Each structure stands twice: as C-alpha cells, then as structure tokens.
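Architecture and fold: a report
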Amino acid sequence: MAVRTSTQGILAEENREKRKEILELLTKAYWMEIESVMSYIANSVNPDGLRAQEIVEALEGDIQEELGHAQRFAQRIKELYGVVPGSLDFRAEQTYLQPPERQTDIVHVIRGVIEAETGAIEHYNRIIETTNEVDWVTQDMVIDILRDEEGHRRLFEGFLRECEAEGLA
C-alpha cells in the first residue's frame, strides 16, 4: 500500500527542495536557541555585584523561553520529515556571550545578549521570507518566536541605556 503524500504546501513533492532549505534554516535556529540557553545559564550564574541581580533575573526567565523555542523548532523539523540533530553536530558560534573576565562586567553580558537576540531576529526574518506562500505553519510559528526575541532585545537595550547613562558603558 502506497503512502499518500500531500499535493499542496510544503509537504508536496514539488516542494522537496524548498522543504530541504527550510529544514536547514530551522536546524540553524534550533542550534542558536540551544547555544543561547547554555550561554544564558552561565551568564545568569556568574555575575557578581549590585547591578547584576536584575540582569540575572531577566536571563533566568529567558532560559526557559529560549528552551521552549528550541523545542518548537525541533518539533517543526520532525513535522517536515527532518531529523533533529544530536549533540555531536553542535558547533558553538556565540563568542560574544562567553562569560567576561571580570564577573562584575555586567555590560559585557548585556551587549552579548543584545548581539544574540539581534542574530536571532535576523535569522528568523530570513526564515519568514523563505517560507512565504509555501509553508504557512512554519512562518506563523517563527513570527510568534520573533516577537519574543524582539522583546528580549528591547529589554536588554534598556539595560544598556541605563548603564550608559550611569557612565558604566
């Protein structure tokens, strides 16, 4: 008995190459979220000093949200007949989110988060453009995740402005 395939949308045979392209973009997004989780954990534990507490609390909240994003990307990869990669395929890229030399250098952490969120926003906009008119489900999911990332960036931009106003940055 032959398996019935979709004749429309991203699951249609005619969209095989587009689906492959989207899977590659989703896999990159998955790894970006996983890497952010690792970096946010480190940067939510390591900071010291009076000004660190608010940043630590914001990152602690973001960890769960970013992990949720990774899970959503993983599920969509599976739905598109891809395979969610294992840890041996991971390649770290977020040099800007490495813990600072001085654990009181909270500005370093803030700038690193802004850089990570900006990279995610740029990548997710690319996914949205790539999925337009061919994969509405992925597009809708990524638009929702993009909203979260824009909110995260805006929050940390506010932290940076406050540090600049106080002469710390």
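Per chain, the residues get numbers from 1 upward, laid out in the order the sequence is written. Under the rules for a predicted model, residues below a pLDDT of 70 receive no local features and side-chain atom pairs below 80 are neither given nor counted, while totals for whole chains, interfaces and linings still include all residues. Side-chain measures here rest on the full set of heavy atoms in the structure, leaving out hydrogens and waters.

Right, let's talk about the packing of aromatic side chains for a bit. Each Phe, Tyr or Trp ring (for Trp, its six-membered ring) is paired with any other whose centre lies within 6.5 Å, and the angle between the two planes then decides the class: stacked below 30 degrees, edge-to-face above 60, tilted in between. Under the criterion given, the structure shown has 4 aromatic pairs. On the basis of an interplanar angle of 50° and a centroid distance of 5.3 Å, the ring pair of Phe73 and Tyr124 is categorised as tilted. Linking Phe73 in helix α2 (residues 52-79) with Tyr124 in helix α3 (residues 106-131), this pair joins segments that are 51 residues apart in sequence. You'll find Phe73 and Tyr124 in the same group, each marked buried. Think of it this way: any DSSP run of H or I at least four residues long counts as a helix, any run of E at least two long counts as a strand, and we number them from the N terminus. Throughout, exposure labels follow a simple rule: accessible area from a 1.4 Å probe, protein chains only, divided by the maximum for the residue type, with under 20% read as buried, over 50% as exposed, and the rest as partly exposed.

Take the nonpolar core next. By nonpolar core is meant a set of buried Ala, Val, Leu, Ile, Met, Phe, Trp, Tyr and Cys residues that side-chain atoms within 4.5 Å join together. Grouped together as the largest cluster of nonpolar side chains are 24 residues, with contacts concentrated most on Leu26, Tyr30, Phe73, Tyr124, Ile127 and Val142. Elements with a minimum of two residues in this core: α1 (16-45), α2, α3 and α4 (136-165). For this core, the element with the highest residue contribution is α1, accounting for 8 residues. Throughout, a residue-residue contact means that at least one pair of heavy atoms, one from each residue, lies within 4.5 Å. Not counting residues up to four positions away in its chain, the partners in contact with Tyr124 are Ala29, Glu33, Phe73, Val142, Ile145, Leu146 and Glu149. Ranked by size, the runner-up nonpolar core spans 19 residues in total, among them Ile63, Val107, Phe159 and Leu160.

Nothing here speaks to function; it is geometry throughout.
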